[in-house]
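Here is what each chain is made of, one letter per residue.
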Amino acid sequence: MRVITGIARGRKLSAPEGLDVRPTTDKVKEAIFSAIQFEIENAYVLDLFAGSGQMGIEALSRGAKRAVFVDSSQKSIRCINDNLLASGLARQAEVITRDSYDYIRMTGQKFDIIILDPPYHQGHIPQLLPLCAKKVQEGGSIICEYEKEAPVPDTPEGFICRKTYHYGKINVTIFQKPSPDDEEVS
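This section reports on the structure supplied with the text. (Residues numbered from 1 in each chain as written. Predicted model: local features only at pLDDT ≥ 70, side-chain atom pairs only at ≥ 80, totals over all residues. Heavy atoms only, no water.)

Orientation of helix H1 (residues 26-35) relative to helix H2 (residues 54-61), taken along the N-to-C sense of each, is 45 degrees, at an axis distance of 11 Å. Judged by the inter-axis angle, H1 sits oblique to H2. Both H1 and H2 take part in a crossing whose hand is right-handed. Along the contact surface, H1 presents Lys29, Ile32 and Phe33, while H2 presents Gln54, Met55, Glu58 and Ala59. (Axes fitted to C-alpha atoms, helices over the stretch in contact; angles between N-to-C directions. Helix = DSSP H or I, 4+ residues; strand = E, 2+ residues; numbered from the N terminus. Parallel < 35°, antiparallel > 145°, perpendicular 65-115°, else oblique. Left-handed = near helix turned anticlockwise from the far one by under 90°. Contact = heavy atoms within 4.5 Å.)

Below you can see the structure in the form of structure tokens.
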């Protein structure tokens, strides 16, 4: 696992040992960041269920201004902190040990990009997506990564479904909250 491009390009990242974390493959990560490449510069990013932190780190490497990493596992938090140090991006990051549901309900922050990649086969996305939708800036996106067998998540109110991508056993759906400027152009 590595940072694909940007200021930390090529830096190796580690993942916590065990079956609790399922790191996004480089192929899927590259596809996701290609789809949102014009949204990353100076973005405020939330990486929920951060695991190794690789998705938020990739965003920072590509020009995001700040990233918040949330995970409830101490093992994951240690790994995220190690990966931030290894990539040289720790100053632009906030790492929070907390349940993702509690965090998204309680935070007053708004984000430009939310990365939602919870454990598979547990039904988290349908429950979390409406909560995440309340925390996205106009023009922002929510990226949902989930198992192939799961249905495409319902589009949150006030959002559009940009696209669903299929990669082997993984689906990725990107939702976007249009900005008022987008609506005037339509």
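Before going further, it helps to spend a moment on the sheet that holds strand E2 (residues 66-71). The mixed open sheet is built from seven strands, whose spatial order is E3-E2-E1-E4-E5-E7-E6. Edge positions in the sheet fall to strand E3 (93-97) and strand E6 (160-167), since each has one partner strand and no second. Each adjacent strand pair in this sheet contributes to an overall mean axis angle of 15 degrees, direction not counted. With five bridges joining them, strand E4 (residues 111-116) and strand E5 (residues 136-147) adopt parallel strand pairing. Its bridge partner being in E5, Ile113 is matched across the sheet by Ser141. Along the sheet face, H2 touches strand E1 (44-48), E2, E3 and E4 and points at about 175 degrees away from the line of E2. Across the face of the sheet, helix H5 (residues 124-133) comes into contact with E1, E4, E5 and strand E7 (170-176) while running at roughly 170 degrees to E5. (Pairing = 2+ DSSP bridges.)

Next up on the list: the environment of Gln176. Checked against the element boundaries, Gln176 lands in strand E7. Considered as a pair, Gln176 and Ser141 are 35 residues apart in the sequence and their alpha carbons are 4.3 Å apart. Beyond its immediate sequence surroundings of up to four residues, Gln176 is in contact with Glu39, Gly139, Gly140, Ser141, Gly158, Phe159, Ile160 and Arg162. Engagement of the side chain of Gln176 in a polar contact is seen with the backbone oxygen of Gly139, the distance being 3.2 Å. (Polar contact = N/O pair within 3.5 Å; in protein donor to acceptor, adjacent residues only side chain to side chain.)

This brings us to the pattern of salt bridges. As enumerated under the stated definition, the model contains four salt bridges in all. Between Glu39 and Arg162 there is a salt bridge, and its shortest N-O distance comes to 2.2 Å. Here Glu39 is found in the loop between H1 and E1, whereas its partner Arg162 is found in strand E6, with 123 residues between them in sequence. Residues Arg62 and Glu58 are paired through a salt bridge, measuring 2.7 Å at the closest nitrogen-oxygen approach. Several salt bridges share partner residues, and in doing so they unite Lys29, Glu30, Glu58 and Arg62 into one network. (Salt bridge = Lys/Arg side-chain N within 4 Å of Asp/Glu carboxyl O.)

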